[in-house]
Amino acid sequence: VCKILETIGAIDTMYNVHSNGKNYIRIGHDLLWEFGKKYFEINLPGELTVCNDRFSFFQKWSKFLKPTGSIIEKSTSITQFFNKKIVTLYEEMTNGFYSYHIDDGHIFAFYPLHMIQSSFLTKAFDLLNNQNFICTRLQVLGMEEGIRRHMLDIEL
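Presented here is an overview of the structure given in this document. These numbers come from a predicted model, not from an experiment.

When helices and strands are tallied, the chain shows eight helices and two strands. Overall, the chain shows an N-to-C arrangement of helices and strands of α-β-β-α-α-α-α-α-α-α. Going through the 156 residues of the chain one by one, you find that 35% of them count as buried. If you take every contact in the chain between residues at least 6 apart in sequence, the share linking residues at least 24 apart comes to 40%. Total accessible area computed for the chain in this model is approximately 9900 Å², and 61% of it derives from carbon and sulfur atoms.

In structure tokens form, the structure reads like this:
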């Protein structure tokens, strides 16, 4: 089933060749994009109608955000909004106890990046210094990949 879903682009498989030997799967970003559009069609005011492409989606979203000078700034604000939602969900889900979520490779691979893209730099700094997060990240991703990702996050 995983191979079929990967072939049609619904999921990405992350192969872990480290000591724990686990493979991780994440939902493809295009599929998440479609889910996000449907979610906001249902949960936002009626003025936000169905958008078939990202550009028209960003244009319609722009009226719900603070005024900005260009479409690039508007799309950056929208991206920041989505990342803040992800950070909020992970904060509520983990409540600071990352070792309970060793089956969620996305947290350990991308959570700091979502914080940085949300402009939550203090939260990202605290997370990247959190011993529980670091230990669990190394356990889940393996020593080499965990260190590599951690160093990339610190450099950002």
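With that out of the way, let us pick up the packing of aromatic side chains. Across all of its chains, the model carries six aromatic pairs by this definition. Considering the side-chain rings of Phe81 and Phe82, the 5.9 Å spacing of their centres and the 65° angle between planes classify their relative orientation as edge-to-face. Judged by its relative accessible area of 25%, Phe81 falls in the partly exposed class. A ring pair is formed by Tyr98 and Tyr111, whose centres lie 6.4 Å apart and whose planes are at 50°; its orientation type is tilted.

By the definition in use, this model includes four salt bridges. For Glu145, the salt bridge identified is with Arg148, shortest N-O distance 2.8 Å. Taken as a pair, Glu145 and Arg148 lie in helix H8 (residues 143-155) at a separation of three residues, close to a single helical turn. In this structure, Glu145 and Arg149 form a salt bridge, with 3.0 Å as the shortest nitrogen-oxygen distance. A residue pair is termed a helical-turn pair when its members lie 3 or 4 positions apart in one helix, as Glu145 and Arg149 do in helix H8 at four residues. Several salt bridges share partner residues, and in doing so they unite Glu145, Arg148 and Arg149 into one network.

This paragraph deals with helix H6 (residues 121-128). Residues Ala124, Leu127 and Leu128 constitute the buried set of H6. The arc that holds the buried residues of H6, viewed along the axis, is 90°, so those residues lie on one side. Exposed positions of H6 whose direction lies more than 90 degrees from the buried face are Thr122 and Phe125.

Running from N to C, helix H7 (residues 131-141) and H8 cross one another at 130°; their axes reach a closest spacing of 6 Å. The orientation of H7 with respect to H8, classified from their angle, is oblique. Between H7 and H8 lies a crossing whose hand is right-handed. Counted together, Ile134, Arg137, Leu138 and Leu141 of H7 and Met143, Glu145, Gly146, Ile147, Arg149, His150 and Asp153 of H8 form the full contact between these two elements.

Thresholds applied
Residues numbered from 1 in each chain as written. Predicted model: local features only at pLDDT ≥ 70, side-chain atom pairs only at ≥ 80, totals over all residues. Heavy atoms only, no water. Helix = DSSP H or I, 4+ residues; strand = E, 2+ residues; numbered from the N terminus. Buried < 20%, exposed > 50% of the residue type's maximum accessible area, 1.4 Å probe, protein only. Contact = heavy atoms within 4.5 Å. Areas by Shrake-Rupley, 256 points an atom, 1.4 Å probe, with all protein chains shown as cover. Phe/Tyr/Trp six-rings, centres within 6.5 Å; stacked < 30°, edge-to-face > 60°. Salt bridge = Lys/Arg side-chain N within 4 Å of Asp/Glu carboxyl O. Arc of directions from axis to C-beta. Axes fitted to C-alpha atoms, helices over the stretch in contact; angles between N-to-C directions. Parallel < 35°, antiparallel > 145°, perpendicular 65-115°, else oblique. Left-handed = near helix turned anticlockwise from the far one by under 90°.

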